[in-house]
Amino acid sequence: MGFDVHPFSDDPERPLVLGGVRVEGSPGLVGHSDADVVAHAVADALLGAAGQGDLGSHFPDTDPAWAGSDSLVLLGRVVEVVAIAGWRPVNVDCSVVLEAPRLAPHRAAMQDRLGAEVGAPVTVKATRAEGLGALGRGEGVACWAVALLERG
Ligand SMILES: [Zn+2]
């Protein structure tokens, strides 16, 4: 089980990257890396299922090496950690919670990019918070992910 949340940035130049896909027409998310909340939740789910801690322990946000980094690269490293621990991903399922932008036009591309990195099917679903709380006010994006592993 993985969870992540990032607030939207005030910087209009910051790109929005979700599941490894650049989404045009929306501000980006605040974060040390590219703030790809979907890739982070997937990586956290994989690490948790393999008993390998969490994303922050492997890639601390105090480490300048990861500043602005491509989260799909981090995800690839996580898949290696999982493999070394003797596990292989079977599938990963994600629920992204956001008011905007619409993810439907990007969902297939996100699934393809995440799946290629994970080496197993990754499904991405999106839902809205129906106006409730910070996510409902469109202040950020949250993602939950669940990973199934088998012995590699
Ligand atoms: Zn994150």
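The rules behind the values
- Residues numbered from 1 in each chain as written.
- Predicted model: local features only at pLDDT ≥ 70, side-chain atom pairs only at ≥ 80, totals over all residues.
- Heavy atoms only, no water.
- Helix = DSSP H or I, 4+ residues; strand = E, 2+ residues; numbered from the N terminus.
- Rg over C-alpha atoms; globule rule 2.2 N^0.38 Å.
- Contact = heavy atoms within 4.5 Å.
- Areas by Shrake-Rupley, 256 points an atom, 1.4 Å probe, with all protein chains shown as cover.
- Buried < 20%, exposed > 50% of the residue type's maximum accessible area, 1.4 Å probe, protein only.
- Donors = N, O, S within 2.8 Å, 3.2 Å for Na, K, Ca; no water.
- Axes fitted to C-alpha atoms, helices over the stretch in contact; angles between N-to-C directions.
- Parallel < 35°, antiparallel > 145°, perpendicular 65-115°, else oblique.
- Nonpolar A, V, L, I, M, F, W, Y, C, P; charged D, E, K, R; others polar.
- Phe/Tyr/Trp six-rings, centres within 6.5 Å; stacked < 30°, edge-to-face > 60°.
- Lys NZ or Arg CZ within 6 Å of the ring centre and 35° of its normal.

### Quick word on the overall build of the protein chain
Now for step 1: Summing up its helical and strand segments, the protein chain has five helices and six strands in all.
Now for step 2: N-terminal to C-terminal, the α/β element order of the protein chain is β-β-β-α-α-α-β-α-β-α-β.
Now for step 3: Relative to the globule expectation of 15 Å for 152 residues, the C-alpha radius of gyration of the protein chain, 15 Å, shows essentially globular dimensions.
Now for step 4: In terms of principal-axis extent, the alpha carbons of the protein chain reach across some 40 × 30 × 25 Å.
Now for step 5: Sequence-distant contacts, at least 24 apart, represent 71% of the contacts inside the protein chain between residues at least 6 apart.
Now for step 6: Per element, the accessible surface of the protein chain, about 7,400 Å² overall, is 54% carbon and sulfur.

### With respect to the side chain of serine 9
Now for step 1: For serine 9, the position within the fold is in the loop between strand E1 (2-7) and strand E2 (16-18).
Now for step 2: You can call serine 9 buried: its relative accessible area is 13%.
Now for step 3: When residues no more than four places from it in sequence are discounted, the contact partners of serine 9 are Arg14, Pro27, Gly28, Leu29 and Val30.

### Describing the coordination of the zinc ion
Now for step 1: Taken together, Asp4 (OD), His6 (NE2) and His40 (ND1) make up the protein donors of the zinc ion, found 2.0 to 2.1 Å from the metal.
Now for step 2: Counting the intervening residues between successive donors of the zinc ion yields the motif D-x1-H-x33-H. Of the two residues, histidine 6 sits in strand E1 while histidine 40 sits in helix H1 (residues 37-49), which places them 34 residues apart along the sequence.
Now for step 3: For histidine 6, a relative accessible area of 12% puts it in the buried group.
Now for step 4: For histidine 40, a relative accessible area of 9% gives the class buried.

### Considerations on the packing of H1 against helix H3 (residues 71-84)
Now for step 1: It is at 9 Å that the axes of H1 and H3 come closest, and there the two elements cross at 10°. When the axis of H1 is compared with that of H3, the two are roughly parallel. Across the interface between the two elements, Ala39, His40, Val42, Ala43, Leu46 and Leu47 of H1 pack against Ser71, Leu72, Leu75, Val78, Val79, Val81 and Val82 of H3.
Now for step 2: Looking at the contact of H1 with H3, its residues break down into 11 nonpolar, two polar and no charged.

### Overview of the packing of aromatic side chains
Now for step 1: Taken as a whole and assessed by the stated rule, the structure comprises one aromatic pair.
Now for step 2: An angle of 50° between the planes, with centres 4.6 Å apart, marks the rings of phenylalanine 3 and tryptophan 144 as tilted. Of this pair, phenylalanine 3 sits in strand E1 while tryptophan 144 sits in strand E6 (residues 140-151), and the two are 141 residues apart along the sequence.
Now for step 3: With relative accessibility at 39%, the residue phenylalanine 3 sits in the partly exposed group.
Now for step 4: Stacked on the ring of tryptophan 87, the Lys or Arg arginine 151 has its end atom at 3.8 Å from the ring centre.

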